[in-house]
Amino acid sequence: MELLTVTKDSSGRYFLSFVVDTEPDILPEAETDAGIDLGLSAFAVLSDGSKIDSPRFLRRAEKKLKRCQRELARKAKGSKNRAKARVKVAHQHAKVAGRRRDFHHKASAQIIRANQAVCVKDLAASGLGRTRLAKSVHDAGWSAFVRIPEYKAALHGRTFATVARAFPSSQVCSACGFRDGPKPLHVRELTCGECGTVHDRDHDAASNVLVEGRRIVAAGRGGDAKRLVERRQDQGESTGTAR
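Given the structure is predicted, the values throughout are model-derived calculations rather than measurements.

Asks: Just to check I follow, could you spell out the overall build of the protein chain for this structure?
Replies: When you go through the protein chain residue by residue, the secondary structure sums to seven helices and ten strands. Expressed as a percentage of contacts within the protein chain between residues at least 6 apart in sequence, the contacts between residues at least 24 apart total 66%. Total accessible area computed for the protein chain in this model is approximately 14700 Å², and 51% of it derives from carbon and sulfur atoms.

Asks: What's the story with a nonpolar patch on the surface in this structure? I'm lost.
Replies: The grouping of Leu4, Val6, Tyr14 and Leu16 at the surface amounts to a nonpolar patch, some 380 Å² of accessible area in total. Mapped onto the elements, leucine 16 comes out in strand β2 (residues 14-19).

Asks: Sorry if this is basic, but what is going on with the sheet that holds strand β6 (residues 117-121) here?
Replies: The strands that make up a sheet are held in pairs by hydrogen bonds between backbone atoms, and each pair lies either parallel or antiparallel. Spatial ordering of the open sheet is given by β5-β4-β3-β6-β7, a layout of five strands whose pairing is mixed. Each edge of the open sheet is held by one strand with a lone partner, namely β5 (51-53) and β7 (159-163). Averaged over all pairs of adjacent strands, the angle between their axes in this sheet comes to 20 degrees, without regard to strand direction. Pairing analysis gives five bridges linking β6 to β7, with the strands arranged parallel. Paired with valine 120 across the strands is threonine 162, a residue of β7. Contacting β3 (33-38), β4 (42-46), β6 and β7, helix α5 (residues 142-155) runs over the sheet at an angle of about 150 degrees to β7. Across the sheet, helix α6 (residues 201-218) is in contact with β3, β4, β6 and β7; its angle to β3 comes to roughly 125 degrees.

Asks: I would appreciate a short explanation of the pattern of salt bridges in the present structure.
Replies: Once the charged atoms of two side chains with opposite charge are near each other, the side chains can pair. Counted by the stated rule, this structure contains ten salt bridges. In this structure, the salt-bridge partner of lysine 106 is aspartate 102, at a minimum N-O distance of 3.1 Å. In this pair, lysine 106 and aspartate 102 both sit in helix α2 (residues 80-114), four residues apart, roughly one turn of the helix. Where arginine 188 meets aspartate 202, a salt bridge forms, and the shortest distance between an N and an O atom there is 2.7 Å. Taken together, the positions of arginine 188 in the loop between β7 and β8 (189-191) and aspartate 202 in helix α6 put the pair 14 residues apart, joining distant regions of the chain. Its relative accessible area of 13% is what places aspartate 202 among the buried residues.

Asks: Looking at this structure, how should I read unusual backbone geometry?
Replies: Keep in mind that most residues, glycine aside, have a negative phi and that most peptide bonds are trans. Positive phi, close to 50 degrees, is recorded for arginine 56, a residue that is not glycine. Summarising the element assignment, arginine 56 is placed in the loop between β5 and α1 (57-74).

Reading the values: rules and limits
Residues numbered from 1 in each chain as written. Predicted model: local features only at pLDDT ≥ 70, side-chain atom pairs only at ≥ 80, totals over all residues. Heavy atoms only, no water. Helix = DSSP H or I, 4+ residues; strand = E, 2+ residues; numbered from the N terminus. Contact = heavy atoms within 4.5 Å. Areas by Shrake-Rupley, 256 points an atom, 1.4 Å probe, with all protein chains shown as cover. Patch = residues over 30% accessible without salt bridge, like charges linked within 9 Å, V, L, I, M, F, W, Y side chains within 5 Å. Salt bridge = Lys/Arg side-chain N within 4 Å of Asp/Glu carboxyl O. Pairing = 2+ DSSP bridges. Axes fitted to C-alpha atoms, helices over the stretch in contact; angles between N-to-C directions. Buried < 20%, exposed > 50% of the residue type's maximum accessible area, 1.4 Å probe, protein only.

As structure tokens, then:
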């Protein structure tokens, strides 16, 4: 008998979840690899120089969210109108989260399909979430995004590697390997002090992430995405969902 789980979120939406066994969808071998540098001005910069723009879903929804939150603040505590207003606020937040999740899945699927190996740098998102950049960091949803290509890589027969957050990706010249030390965030163009090559900061970082990711994979320490997929299935996270 098929087991269905019914859940209801804070915005009043109902979901039916069920587990389905599927065979891996192994893609044809790709000729390119990709290193990914995540950021705020551009959501992601790839080692081939291409960029994925940041959609800023929360920023775009701020005006409507503020209006809903003001309406909630005016309602009497304990009243039915306050309960309705609370659901309205939760619904707006759910819409933002849903759009961000959809964007993450589409962007990661595009990257995985186009590249045989994908390398991403692990970011201290929780630490950055306590700085003046907190709203932008939460809006980007880096932590949620990084988990998605890892299990998609296993499902499609790709290689995935996570580069340690301590790796100085933006301090090393990707042309000659010279390390020139940390630079302020507002510096977006770097000139190597050794070979004189001029780099876009994010492109340089993505190229260095790719090199380090390849080294990790060669050493046999790449992310074990297969185990991640199995763990998600055991927890019932790989589900079909209807609303």
